[in-house]
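Architecture and fold: a report
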Amino acid sequence: MNRSHFTWKLLIIAAVLFLVQTTQSAWSQKFKQWAQTPPMGWNSWDCYGPTVEEHEVKANADYMAKYLKAYGWEYIVVDIRWFVENDKAGGYNQTNPRYVLDEYGRYQPAVNRFPSAAGGKGFKELAEYIHKKGLKFGIHIMRGIPKEAVDKKLPVKGTANITADQVYTTELQCKWLKDNYTILADKPGAQEYYNSIMDLYASWGVDFIKIDDLSRPYHQREIELIRKAIDQTGRPIVLSTSPGETPVENAAHVQAHANMWRMVDDVWDVWKDMTHLIKVAQGWYPYIQPGGWPDCDMIPLGRISIRGERGNDRMTRLTKDEQYSLMTLFTIFKSPLMFGGDLPSNDTFTLSLLSNKEVLKMHREATGVRQLFQVEGKVAITSRHPKTGEVYLALFNVGDGKEPAELNVLLADLGFDAKAKIVNLWTGKKLGVISGNFKQELLPHASGLYKFTAVR
């Protein structure tokens, strides 16, 4: 072969490799298109813990389709342990759980709770029911491979002769739920196992998957297996990593692999969870970007704990001021919104918190979210609408004292060099035109959410 032909051959090989790498890189980031705005939906955990049943899922889907779909709410998510026939409220049955698995060690819905799964159909019919309403369907799983699959040495689908007992380790097993073992990412069959379960979920019509126990410690290799497994299905499945305080030092990695990730442990209807969330959120403002969202957790409002983990059946214990504060934080921070209450049990006030068009427009469209200050129980967060130039401001008095606090924000800090007119975003009330600065007096645990428009 002469030098000219050899040179051309090298150039062709280099071009092909470049094209392959570019295509792979483009596909690896395609998943961000699936959540260009923060996902919004309902999750069964706060209501039903690990015991939710098919008729309850359908009832919440029916309500969402009727009352909330028009506002952007779309996901219906079945949370933890849908594959256990005999789980219990107020914790987990870890003494004698009856798991449902197929011949490849993949969990299947418990038919006594999800009758439409009979005959090996999995969640296919339930997903179709939800899809016909114009909504999307999601599930929760734990990371790893089922202990029962390991014990029975079940084959890993997609391999010639690898079995579950060849890809696991007992190290770093989840401390609070012992259903699964850790997968050894570098073992032959590890990727194939994750591929096999994601292929199964894709065949059911799953649009969203929340995967638990990935964040503390941060399971980087397993997250990479999951990302590849979802990508190879060819189905757009939103990935939510959970739970716990994802380390900020892993921010770049999690944003490159997931659509949303939890910043904190479970948020319940107690004020201390809210104040903790505001503190932790300080490290995550730079990472609020389309396609990948820091997650404030579920919204513990309305009727919760019907058969839940924390406490008895109740309406949320948060006061109305505290509920406004929670929703104001979640929306201005652009967190995914996953409502935890039983939707059919909503009262008028709870529905109003979920269906305010102006607040949800801010949540969906605003950019440049940043904290102005957090000092002595006073917090100010702002964002801006990229097209209209309108500026949003959230103010919080998170202190526990008895007296109101005065919060003061300079218009210059909001980007205004002259006057601005103000609207209360929750009530729609016009608050007039101001110059110089904006002052508000807030009771403890109360908040305010405002829209500023320049006056020329």
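The protein is annotated in an unreviewed UniProt entry as Alpha-galactosidase from Niabella yanshanensis. Its UniProt record gives the protein the following Catalytic activity (unreviewed entry) comment, quoted word for word: "Hydrolysis of terminal, non-reducing alpha-D-galactose residues in alpha-D-galactosides, including galactose oligosaccharides, galactomannans and galactolipids." Its UniProt record gives the protein the following Sequence similarities (unreviewed entry) comment, quoted word for word: "Belongs to the glycosyl hydrolase 27 family."

Once that is clear, we can look at the overall build of the protein. The helix and strand inventory of the protein stands at 12 helices and 21 strands. Its C-alpha radius of gyration of 24 Å places the protein within 12% of the 23 Å reference for a compact globule of 456 residues. In terms of overall dimensions, the protein has a C-alpha envelope of 75 × 70 × 40 Å along the principal axes. Buried positions account for 56% of the 456 residues belonging to the protein. Nonlocal contacts in the protein, meaning residues at least 24 apart in sequence, comprise 72% of its contacts between residues at least 6 apart. When the accessible surface of the protein is totalled, it reaches about 19600 Å², and 51% of it is carbon and sulfur. Separation between the mean location of the 56 positive side-chain charges and that of the 51 negative ones in the protein comes to 5 Å.

What follows concerns the UniProt feature "domain: Alpha galactosidase C-terminal" (unreviewed entry) in the protein. Under the feature "domain: Alpha galactosidase C-terminal" (unreviewed entry), the UniProt entry names residues 377-452. A helix fraction of 0% and a strand fraction of 57% characterise residues 377-452, whose end C-alpha atoms lie 23 Å from each other.

Our next topic: the packing of helix 10 (residues 320-332) against helix 12 (residues 357-365). As a packed pair, helix 10 and helix 12 sit with axes 8 Å apart at the nearest point and diverge in direction by 35°. Taking contact as the criterion, the partners of F330, T331 and I332 in helix 10 are, on helix 12, V359, M362 and H363. For the contact of helix 10 with helix 12, the class distribution of residues is 4 nonpolar, 2 polar and no charged.

So, on to the pairing of strand 7 (residues 208-212). Where burial is concerned, most of strand 7 is hidden: 5 out of the 5 residues are buried. Neither face of strand 7 is open: one carries F208, K210 and D212, the other I209 and I211, and all of them are buried. Where strand 7 meets strand 8 (residues 238-241), 4 bridges bridge the pair, whose relative direction is parallel. Note that in strand 8 the partner of I211 across the bridge is T241. In this fold, strand 7 hands off to helix 7 (residues 220-233), which returns the chain to strand 8; that crossover is right-handed.

Inspection of the entire model under this criterion finds 24 aromatic pairs. With centroids separated by 5.2 Å and ring planes inclined at 80°, the aromatic side chains of W82 and F83 adopt a geometry described as edge-to-face. In this pair, the class of W82 matches that of F83, namely buried. Among the aromatic side chains, those forming a connected cluster through ring pairs are W82, F83, Y99, Y107, F114, F123, F137, Y201 and W204. In this arrangement the basic side chain of R227 is found over the ring face of F31, its NZ or CZ atom lying 3.9 Å from the centre. Residue placement shows K320 over the ring face of F349; its charged tip is 4.7 Å from the ring centre.

Attention now goes to the sheet that holds strand 10 (residues 293-295). With parallel pairing, the 8 strands of this open sheet are ordered in space as 10-9-8-7-3-2-1-13. The sheet is open, and its two borders are formed by strand 10 and strand 13 (337-339), each paired with just one other strand. Going across the sheet, the axis of each strand differs from the next one's by a mean of 25°, ignoring polarity. Sheet topology note: the strand 1 (residues 40-43)/strand 13 ladder contains 3 bridges and is parallel. Across the sheet, the residue bridging to W42 is F339, located in strand 13.

With that settled, the discussion passes to the sheet that holds strand 6 (residues 180-183). Strands in a sheet are paired, the pairing made by backbone hydrogen bonds, and the direction either parallel or antiparallel. Read from one edge of the open sheet, 3 strands run 4-6-5, paired in antiparallel fashion. Here the strands that pair on one side only, and so sit at the sheet edges, are strand 4 (145-146) and strand 5 (168-169). The sheet contact formed by strand 5 and strand 6 spans 2 bridges and is antiparallel. Counterpart to Y168 in the pairing with strand 6 is I183.

Residues separated by three or four positions in an α-helix point in the same direction, a consequence of the helix having 3.6 residues per turn. Among the 11 residues of helix 9 (residues 271-281), 8 are classified as buried, and the element is accordingly described as predominantly covered. Looking at helix 9, one finds that the buried residues are W271, D273, M274, T275, L277, I278, V280 and A281. Contacts from the buried residues of helix 9 go to helix 10, strand 14 (367-375), strand 15 (378-384) and strand 16 (391-397).

This brings us to the confidence of the model for the protein. When pLDDT is averaged along the protein, the result is 94, and 94% of the positions lie at 70 or above. Here residues 19-27 is modelled with pLDDT under 50, and outside its nearest four sequence neighbours on either side it reaches 3 contacts, counting other chains as well.

A word on the pattern of salt bridges. A complete count under the given rule lists 29 salt bridges for this structure. For D87, the salt bridge identified is with R81, shortest N-O distance 2.9 Å. E365 is the partner of R364 in a salt bridge, and the nearest nitrogen-oxygen pair spans 3.6 Å. Its relative accessible area of 38% is what places R364 among the partly exposed residues. Ionic contacts of the salt-bridge type, sharing partners, join the residues R81, D87 and D179 into one network.

Rules of the game
- Residues numbered from 1 in each chain as written.
- Predicted model: local features only at pLDDT ≥ 70, side-chain atom pairs only at ≥ 80, totals over all residues.
- Heavy atoms only, no water.
- UniProt positions renumbered as here; feature names shortened; annotations may be inferred.
- Helix = DSSP H or I, 4+ residues; strand = E, 2+ residues; numbered from the N terminus.
- Rg over C-alpha atoms; globule rule 2.2 N^0.38 Å.
- Buried < 20%, exposed > 50% of the residue type's maximum accessible area, 1.4 Å probe, protein only.
- Contact = heavy atoms within 4.5 Å.
- Areas by Shrake-Rupley, 256 points an atom, 1.4 Å probe, with all protein chains shown as cover.
- Lys, Arg positive; Asp, Glu negative; His and termini not counted.
- Charge placed at Lys NZ, Arg CZ, Asp CG, Glu CD.
- Axes fitted to C-alpha atoms, helices over the stretch in contact; angles between N-to-C directions.
- Nonpolar A, V, L, I, M, F, W, Y, C, P; charged D, E, K, R; others polar.
- Pairing = 2+ DSSP bridges.
- Right-handed = clockwise from strand over helix to strand, strands pointing away.
- Phe/Tyr/Trp six-rings, centres within 6.5 Å; stacked < 30°, edge-to-face > 60°.
- Lys NZ or Arg CZ within 6 Å of the ring centre and 35° of its normal.
- pLDDT = per-residue confidence, 0-100.
- Salt bridge = Lys/Arg side-chain N within 4 Å of Asp/Glu carboxyl O.

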